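What follows is each chain in one-letter form.
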Amino acid sequence: MPGEAQLLQGTLDLLILKAVSLGRLHGYGILLRIGQISGQALLVEQGALYPALFRLVRQGLLKASWGTSENNRRAKFYELTAAGRGRLREETAGWNRLATAIASVLAAQPGEA
Amino acid sequence: MLGRLRSLRTRLFGGARLERELDEELSSHVQMRADDLERAGLPRAEAERRARIELGGQLRFKDEIRDAMGGGFLDTLAQDVRFALRMLRKSPSFTAVAVITLALTIGANAVVFAALNAIILKPLNVPRPESLYSLHRVKNESSNQSYPDFVDLRARQQSFEDIAGYQIDEAGLDIDGEPTRVWLFNTTGNYFDVLHLRPFLGHYFHAADEHGPDSAPFIVLSYDCWRNRFHSDRGVLDRTVRLNKHPFTVVGVTPKGFVGTLLFASPEAFVPFVDQEQVIGESTLEARAIHGTLFCVFGHLKPGVTPERAAVEFSGLSAWLAKTYPKDDAAAAYKLRRPNLYGDFMGRPMRAFLAALMLLAGLILLAACANLGSLFAARAADRARELALRLALGAARSRVLRQLFTEAVLISLIGGALGLGAGALLLRALSAWRPIPQFPLNIPIVPDVAVCGVALLLAVVCGLVFGAVPVRQVLDTDPYGTLKSGTVGGAGRRIALKDALLVAQIAICALLVTASLVSVRGLERSLNGRYGIDPHGTMLLQTGLEMAGYQGDAVPLMQKRLIEAMETIPGVTAVGLVDWVPLTTGGGNAANVFKDEKTDLSPANSDGSVLFLVVSPGYFRAAGTTLRSGRAFTWDDDKNAARVAIVNQELSRRLFGAPDAALGRFFKLRDGARLEVVGIAEDGKYETLTEAPQPAVFVPALQSPTVALSLVVRSSGDPQSLAAAMRVRLRELDPGLPCLIQPLSRSMELVMFPAKIAAMSLGILGAMAALLSITGIFGLAAYTVSRRLKELGIRLALGADSRAVLRSALARPVQLLLWGSAAGLVLGVLASTVLSAVVYQATPRDPLVLAGVVVVMLLLGLLATWIPAQRALSADPLALLREE
């Protein structure tokens, strides 16, 4: 159980960092962006988003500033810091290694081992 | 670095701003989501509702975010405190009961601790008190030395930097014409140098000022004396005042807060010991055998010298003195103790009593905690819905508990602050109080940092303790079940815990009620008891002929004239003279006695040191001391007649083997004089009411002249006019004689003082305990009744016997009350053995005390269950059923 939760949490952080790396976004925008680029395959639970955002800000990976949204709502916008950009690169590489490894395990044919 | 500081600042103080931002961010999220939903075709209101539901429980993720930020301790605290205050305001009666309970108990603890601190814990107010020790004999705690012995000890000892001694004396101080009796320390010349004390004004006298008898007519005033009698006049130095008619020059004033080296007797002034003859009218500077000359000997130990090593040295020196002066000195083993309370003499009973009082106060506090704990548990049960709602909305259990603890600690801090404030007022009144008018008892008991600290600590601990009672209940709460059913499940266990608390609390209460009844009863008995002297209907005139310059043959002449003058007052039935009235302030003289057949009259060979009272023929009738056999003295027992004595039964028992065997027999004094026993007096109490029987000898005033003078005047008339008449008669004989006239019973207040203080403090604690158990039983009874009100009402409506209903509703509280009372009574009887050391005749094996405890507890129970019982009987089932 703890392993799964950690994986999910790590994954959420990675998704947020990626979404924000594409442009300055507010919280609701991040939800929409993740949904949009994953073709609605990944839907982030709204309740989990804000604690994650606060955590990332505290870790210095994101920085926040107040601004106005496209339809004139006051909103808090997040963007990557330099540290955040570095972390995104590392996590992406790590995820890719993991995905490749899992893919090759899953692609194994009987008799190969 | 700066960033970290800023983050710390945000953590500690910026939480409110972050919270606002979070609220704003979440509402903007909801708005944007609602915008999208509206575009998809939903009406605005519905869209906003849906958006909010999607976002989920805000409460929970506020907590999560707060955790994610890893801080906000103060924010949470501030929030909890605000919430707690709101909750407390909502139930003012609960808050009032809790705060008053805590204020009383914490206040009582603070006062008792302040006394303990001032009397036991705090050292004397002098430089380097940690190395200050006084010298005491192991056998009887006394620190007495004769002056020649002191001089020898001082010259030979190596352990102390130097040693000094003092005697406590009374003298007539004449500032501008009107002499008043004041208490003095008659000190060795090096007294202030040994203490390393700096003067507030002027300078002190020193050892170098002493050149034989009456060579240093200097007087040092205490700060209080300077302020009260000299109106803080800085020009007081070099002024001449008269002590017993002799001129003394004021050379200095001691610093504020220095009250001498004995806590229970603060002198008004200090004079060099070499002036003793002028101050007390006789000189003992050369009398090696009079060991009561110096009351106490003390000094600072040299660095590196342990008290044990010093004690060994002085025991050795004492053996050397006994060998060198076998006629005057006996060897004694010594120990070193603190001078404040005269070593263990006062120290041991004071420590025992204050420790016992502190323990009882602590028990009361514990009882209050138990009481408030069950109140809190009951309240938590009543708040079950609110707690369940908060849990259901996602608040963590730890968070809910923290909130409850904040509430508990907040209440106890408020109560503690109030208690400390009230305690401080009480202490200020106590410090100004002079319980014994003619005795310089002046112990400044002030609420200092230590006292405040203890009160604060107690408040916090208290809050945590009673706050912990409902913890289990909260942890076990099933939010959904509670919300559905509206009542709390799993009540059985909690009730059991509450029952235990209540029994413990009632046991403590019964213990205190027992203790206070035992001490009050003991006090009452000692006030009316027989102790060989009957103060009812007598006046005491105290003066010292030395204060008016009488010497030699003028002394007995004046004494006889005074007695005859008093006898002429109408209504007076007897007048007696005595050098010291037993059980009053001051002390009697002791001397060694020897069996008639002994020839070696050295102290080591004596048959014991006994109390010597010098009396006139009329004393026994005036003091109400019964003569068992033989005769009283007459005026013919004078210098020219054979030496005679009257002894008490205890002396007869010790010297001659039986209480009535002494009549007609002889015994010897140290100087070889043979005294014939012509009468046997009843045994009495002489120094304290709790002492063991001690031997005493009465000798006629004409055969042992004394300058100390107390006249006991027994009269059948009105005490006020008697006192006035006595004063007139005295003034007629000598207008310049300072004197004190008061009822003999007032002079005995000092010996009654410990018993009175004990009865008073135990009475207060007992009353508080009683109050606590009333609220405790009341709380449980009221709670039980309110929970079962519907059932009781229905049973009554169906025609049930009201007694049966009452029994079922109140059986439990009453049962608990009985169990607790029984346990407390047993404990109280056990604990009362401690009391008997302080209060004369304090015994729990007294049917009146036992019955009193039982009656008090029953009354308390009745009182506490009365209202709930009435409520149960008047339950209206219809109204109750409609309520649901």
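Look up a bit, the structure's there.
Residues numbered from 1 in each chain as written. Chains lettered and ligands numbered in written order. Predicted model: local features only at pLDDT ≥ 70, side-chain atom pairs only at ≥ 80, totals over all residues.

> Talk me through the interface of chain B and chain A; I want residue IDs and the actual numbers.
With 16 residues of chain B at the contact, the number on the chain A side is 15 residues. Contributions of two or more residues to the side of chain B that touches chain A are made by helix H2 (15-39), helix H3 (44-55) and helix H4 (58-69) of chain B. Ranked by the residues each element gives to the side of chain B that touches chain A, the list is headed by H2(B), at 8 residues. Tallied by class, residues from the side of chain B that touches chain A come to 7 nonpolar, 4 polar and 5 charged. (Contact = placed C-beta atoms within 7 Å. Helix = DSSP H or I, 4+ residues; strand = E, 2+ residues; numbered from the N terminus. Nonpolar A, V, L, I, M, F, W, Y, C, P; charged D, E, K, R; others polar.)

> I'd like to hear about the packing of helix H12 (residues 344-382) of chain B against helix H15 (residues 449-468) of chain B, residue by residue, with values.
All names here are of chain B. At a minimum axis distance of 8 Å, the contact between H12 and H15 shows a crossing angle of 40°. Taken together, H12 and H15 sit at an angle that is classed as oblique. Relative to H15, the crossing made by H12 is right-handed. When H12 is examined against H15, the residues Leu365, Cys369, Leu372, Gly373 and Phe376 are found in contact with a partner set consisting of Leu458, Cys462, Val465, Phe466 and Gly467. Considering only residue class, the contact of H12 with H15 consists of 8 nonpolar, 2 polar and no charged. (Axes fitted to C-alpha atoms, helices over the stretch in contact; angles between N-to-C directions. Parallel < 35°, antiparallel > 145°, perpendicular 65-115°, else oblique. Left-handed = near helix turned anticlockwise from the far one by under 90°.)

> Go over the nonpolar core, please, and point to the residues and values.
Side chains of a nonpolar character, in soluble globular proteins, are inclined to be buried together. Ile364(B), Leu512(B), Val697(B), Leu711(B), Val712(B), Val713(B) and Ala769(B) are the most contacted members of the largest nonpolar core, which has 226 residues in total. Here this core gets 19 residues from one element, more than from any other, and that element is H12(B). With residues near it in sequence (within four places) discarded, Ala769(B) still touches Ile364(B), Ala367(B), Ile508(B), Cys509(B), Leu512(B) and Val513(B). Ile16(A), Leu80(A), Leu26(B) and Ala34(B) belong to the second largest nonpolar core, which has 27 residues in total. (Core = buried A, V, L, I, M, F, W, Y, C linked by C-beta atoms within 7 Å. Buried ≥ 20, exposed ≤ 12 C-beta atoms within 10 Å, placed from the backbone.)

> Please give an account of the sheet that holds strand S3 (residues 74-80) of chain A that cites residues and values.
All names here are of chain A. Reading across the sheet, the 3 strands line up as S1-S3-S2 and stay open at both edges, with antiparallel pairing between neighbours. In this open sheet, the two strands that pair with only one neighbour each are strand S1 (25-26) and strand S2 (62-68). Note: S1 against S3, 2 bridges, orientation antiparallel. From the neighbouring strand, His26 faces S3, where its bridge partner is Phe77. Relative to S2, helix H3 (residues 46-58) is tilted by about 120°, and along the sheet it contacts S2 and S3. (Pairing = 2+ DSSP bridges.)

> Summarise the pairing of strand S19 (residues 696-700) of chain B; cite the residues concerned and give the values.
Residue and element names in this part refer to chain B. Within S19, 5 of the 5 residues are buried, leaving the element largely enclosed by the surrounding structure. With burial as the criterion, each face of S19 is covered, one bearing Ala696, Phe698 and Pro700 and the other bearing Val697 and Val699. For strand S14 (residues 609-615) and S19, the ladder comprises 5 bridges, and the chain directions are parallel. The partner of Val615 across the bridge, within S19, is Pro700. For strand S16 (residues 644-648) and S19, the ladder comprises 2 bridges, and the chain directions are antiparallel. Bridged to Val647 within S19 is Val697.

> Give me the lowdown on helix H22 (residues 719-733) of chain B, citing residues and values where you can.
Residues and elements named next belong to chain B. Between the first and last C-alpha of H22 there are 21 Å, a value that for 15 residues agrees with the 21 Å anticipated at 1.5 Å per step. Taken together, the buried positions of H22 are occupied by Leu722, Ala725 and Met726. Projected down its long axis, H22 shows its buried positions confined to an angular sector of 105°, all on one face. When the buried face of H22 is taken as reference, the exposed residues oriented beyond 90 degrees from it are Gln720, Val728 and Arg731. Buried residues along H22 sit against strand S11 (538-544), helix H19 (554-567), strand S20 (708-715) and strand S21 (739-743). (Expected span 1.5 Å × (residues − 1). Arc of directions from axis to C-beta.)

Shape descriptors only; they carry no functional weight alone.
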